[in-house]
Amino acid sequence: MHKVVNRSLALRLAVAAMMMGAAAQLAAKPLVVCSEASPEGFDVVQYTTAVTFDAASETLFNRLVEFKPGTTDIQPSLAERWEVSADGLTYTFHLRQGVKFHTTGYFTPTRDFNADDVLWSLRRQLDPAHPWHDKTSIGFPYFESMAFKQLLKSVDKTDDHTVVITLTRPEAPFLRDMAMAFTSIYSAEYGDQLLKAGKTAELNSKPIGTGPFIFQRYNKDAQVRFKPNPDYFRGKPPADALIFAIATDSNVRLQKLRANECQVALYPKPDDVPSIIKDPNLKVAQTEALVTGYIAMNTQHPYLSDVRVRKAINMAFDRQTHVDQLFGKGNALVAVNPYPPTMMGYNTTNRNLPRDLDQARALLRQAGVPEGTVITLFTRNGGGPTNPNPRLSAEMLQADLAQIGLKLDIRVMEWAEMLRRAKKGEADLVSSGWAGDNGDPDNFLTPLLSCEAAKNGENYARWCNSKFQQLITRAREVIDNDERAALYSEALKVYDDDQPWISMAHPKVFTAMRDNVEGYVISPLTTNNFATTKVK
Amino acid sequence: MLSFIARRLGLLIPTFFGITLLTFALIRLIPGDPVEVMMGERRVDPEMHAQAMERLGLNKPLPAQYLDYVGKLAQGDLGESLRTRESVWREFMTLFPATLELAMAALLFAGIVGLLAGVIAALKRGSLFDHGVMGLSLAGYSMPIFWWGLILIMFFSVSLGWTPVSGRIDLLYDIEPKTGFMLIDTLLSDEEGSFKDAVMHLILPAIVLGTIPLAVIARMTRSSMLEVLREDYVRTARAKGLSPARVVFVHGLRNALIPVLTVFGLQVGTLLAGAVLTETIFSWPGIGKWLIEAIGARDYPVVQNGILLIACLVILVNFVVDILYGLANPRIRHQR
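Residues numbered from 1 in each chain as written. Chains lettered and ligands numbered in written order. Predicted model: local features only at pLDDT ≥ 70, side-chain atom pairs only at ≥ 80, totals over all residues.

**Q** Even after reading the chapter, I still don't get the overall build of chain A, so can you show me in this structure?
**A** A count of helical and extended segments in chain A gives 19 helices and 20 strands. For the C-alpha atoms alone, the extent of chain A along its principal axes is close to 100 × 55 × 45 Å. Within chain A, the fraction of its 536 residues that count as buried is 51%. Look at the contacts in chain A between residues 6 or more apart in sequence, and 71% of them connect residues 24 or more apart. (Helix = DSSP H or I, 4+ residues; strand = E, 2+ residues; numbered from the N terminus. Buried ≥ 20, exposed ≤ 12 C-beta atoms within 10 Å, placed from the backbone. Contact = placed C-beta atoms within 7 Å.)

Set out below in structure tokens:
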């Protein structure tokens, strides 16, 4: 009798387990994400756009270290731990063991991830003699722009699970840099296989990584399909499949979301957010992004070289109205400093000059600026996250400046053309923006306001202040975070005194989704990772 | 007839070279180069910029670049995309079936509805229907495609839920692209219900893309029919006691079709141009979106050869129309 009971119990348990398994299978649903553009390719180190990062580095690859979801803090990834030498020049990474590369129809790995893969991935970009160094059209844009060619002295292994990276100078943001897409780790074995077969272009179209999803198919401009990686070292992702449905227009993405053709819609327009919140079937994730919209004032312009004129312009600028009109109330923070308050060293004592038209006119008179002086503003023709409506923004500034006797000549042009001419210093004012890559203040201040950037043209204000430069150079070398924060805070004071920009806004970033989506964490870095997202 | 065809063919050669020169020059007239565009606001290392330009062959003088381009074309080499490193021909052949499928559906819609509306309007000249058709066709011709597409999506897809919002098929169907034509691929696949789903996805984009050609065809058919119906041979046909349907469709419409045929040929260009916007609204993965993105990225090989391929296609269609026109109307082919 006992046996019978036990058998019956076992049978029931087995049936129950099978049913639960079947239920779990039924519960796992594909996740369709309406994304804003087509990825340029999957060899992510060749590219610079967020959409490519979402489809490649966040989905297919890992790096030695990564950003904790929803933050810019660093957490271990393919490196379990690391040590930094006292002089800040040597980083020793201890690699995670047992990590598998993807097995697909076009590649079956014969070994686990190890130090050779790290060497392959970094030396490919660093060493001109590496057999894969010239296998790109344009090169390695991020590696170049982050000056890694000058920064990395060597990348070596001491054993299969330990990598030592030696720098040419101390670089405090280095670990954060190593979490960026361009340091994604590839399979050296797969690289060798493609090279031998003479199929190097396939690295871009048939990717292999260690990431949460495995590449299945890309139908250009239509969809990218992934399946979950059962061997992912953080556990198999809960979605049954991940599909990026490419819909370039934000209105269309929203309509698709409403029709449940996708469960997540990236980058809804800020104007649409209130209606999404009202819809009982939808919800919105939002965060303060590491983004700044600003207008650079060319400090080499005859009048704008005078700080009184720059102050007068800042005093005439109706910042709050501007930001509310452009982004919608509550969708962006009025900017004071060049980077948002969530970042290290944000100077909380800096204040925007209060709007005072009489004082502004007086400053212009003192500086000898005649009534009706024309200044040019370069702005782009299409909107983006840093400025959803550049033309409206320019016209509002034009109205503000007219009140203090300045005529603003608005030149709307295509983005690439605007950048080219702005870099040459042709504009008096340049409406621009910046999205941070890694949450480090240096990632804003060096590319946008350093003396080197002024020389190269990327610093559209062409502002080169030796004290500011000394402070940010020192802050880049110091490892201690408190000391760095103090240095940045001081540098921002110099910035505030000199007013090279009209700081405009730090917009929020939004992701719209169906209310049955769970586990999605929005990132202030405007990248999207779906390793923990599921549809209930 | 052969000499007529030879004359028309002879004209194609200079046209072809004109297009190569034009596309080559136009894309280079746009400021910025592929490396600058790729780097955007980021720092461009001059050494890296120079190396990349050399690798792409863009550091050579323009005449040398043009000769390289034409030389490769002569060998049938359309080059590879600077962004994706895929062969331009392969990218074109991947995307073109989507555009062709959409254009054919749009033309079918425009042709059937336009001809019918035009014929009925001509027969009921001055009636409410005639005024209605002409008014609507004027509105259709002036319709901003972007706005029209969004209105249809909001009404039919979101409010009524009759049609899908965008794309070529519900992404829960995993259809392997065998021919590139979704209607055919879904028929070949064993996924139940996928063909119907593909048809449903095609309806709104075809209507949006077909709206302008529909308006043109309806107006042209009406005026052509009115002209033909006044001809002596139509009166004779009626006097012979032929049925009204036979008079209209055999004697009237057949002759009225000659100018309409020309319009059909010209509309191919319009359809391809209109496809750029329609494809954007409906997330339709065709060549329109492909070219627009390539222009933005200064992807020279894609822009040059993509436009060249489309231009060849338009030329080919117009060539065929010329031949058909010559066949239909002997006076044309004897003109020198």
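**Q** Help me out: how do you make sense of the environment of B:Ser137 in this one?
**A** Residue and element names in this part refer to chain B. By secondary structure assignment, the location of Ser137 is in helix α6 (residues 128-141). Residue Ser137 is classed as buried on the basis of its C-beta count, with 24 C-beta atoms lying within 10 Å. Distance in space between the C-alpha atoms of Ser137 and Ala117 is 9.7 Å, their sequence separation being 20 residues. Excluding residues within four positions of it along the chain, Ser137 makes contact with Ala215, Ala218 and Arg219.

**Q** How should I be thinking about the pairing of strand β10 (residues 241-246) of chain A in this particular structure?
**A** Regular strands place their side chains on alternate faces of the sheet. Residue and element names in this part refer to chain A. Judged by how many residues are buried, β10 sits mostly within the fold: five of six residues are covered. By the bridge criterion, four bridges tie strand β9 (residues 223-228) to β10 in an arrangement that is antiparallel. Paired with Phe226 across the strands is Leu242, a residue of β10. (Pairing = 2+ DSSP bridges.)

**Q** Is there a simple way to think about the pairing of strand β6 (residues 152-159) of chain A in this case?
**A** Residues and elements named next belong to chain A. Across six bridges, the pairing between β6 and strand β7 (residues 162-167) is antiparallel. Paired with Val155 across the two strands is Ile165, which belongs to β7. Counting the residues that bridge the hairpin from β6 to β7 gives two residues.

**Q** Would you explain the sheet that holds strand β5 (residues 90-95) of chain A in this entry?
**A** Backbone-to-backbone hydrogen bonds pair the strands of a sheet. The strands run either parallel or antiparallel. Residue and element names in this part refer to chain A. Spatially, four strands are ordered β4-β5-β7-β6 in an open sheet, and the strand pairing comes out antiparallel. What marks the edges here is a single partner per strand, and that holds for β4 (79-84) and β6. The average undirected angle you get between the axes of adjacent strands in this sheet is 20°. With respect to the sheet, helix α3 (residues 115-126) is in contact with β5, β6 and β7, its orientation differing from that of β6 by roughly 165°. (Axes fitted to C-alpha atoms, helices over the stretch in contact; angles between N-to-C directions.)

**Q** Hey, could you run me through the nonpolar core in this one?
**A** Nonpolar side chains in soluble globular proteins tend to be buried together. By size, the foremost hydrophobic cluster in this structure holds 228 residues, and its most contacted members are A:Val33, A:Ala245, A:Val264 and A:Ala491. Among the elements that take part in this core, helix α9 (residues 194-229) of chain B stands out by supplying 18 residues, more than any other. Residue contacts for A:Val33: discarding those within four places in its chain leaves A:Phe244, A:Ala245, A:Cys262, A:Val264, A:Leu266 and A:Phe530. (Core = buried A, V, L, I, M, F, W, Y, C linked by C-beta atoms within 7 Å.)

**Q** What is the right way to read the interface of chain B and chain A from this model?
**A** Accessible area lost upon the coming together of the parts serves often as the stated size of an interface. On the chain A side, the residues contacting the 45 residues of chain B number 42 residues. Among the secondary structure elements, those contributing two or more residues to the side of chain B that touches chain A are α2 (34-39), α3 (46-55), α5 (88-123), α7 (145-159), α11 (244-281) and α12 (287-296) of chain B. Considering only residue class, the side of chain B that touches chain A consists of 23 nonpolar, ten polar and twelve charged. (Nonpolar A, V, L, I, M, F, W, Y, C, P; charged D, E, K, R; others polar.)

**Q** How should the packing of α6(B) against α9(B) be read in this particular structure?
**A** Two packed helices can be described by the angle between their axes and the distance between those axes. All names here are of chain B. Following both chains from N to C, one finds α6 and α9 inclined at 140°, their axes separated by 8 Å at the closest point. As the angle between them shows, α6 and α9 are arranged oblique. Of the two elements, α6 crosses α9, and the hand of that crossing is left-handed. Contacts from Val133, Met134, Ser137, Gly140 and Tyr141 in α6 reach Thr211, Ile212, Leu214, Ala215, Val216, Ala218 and Arg219 in α9. Of the residues assigned to the contact of α6 with α9, the class counts are eight nonpolar, three polar and one charged. (Parallel < 35°, antiparallel > 145°, perpendicular 65-115°, else oblique. Left-handed = near helix turned anticlockwise from the far one by under 90°.)

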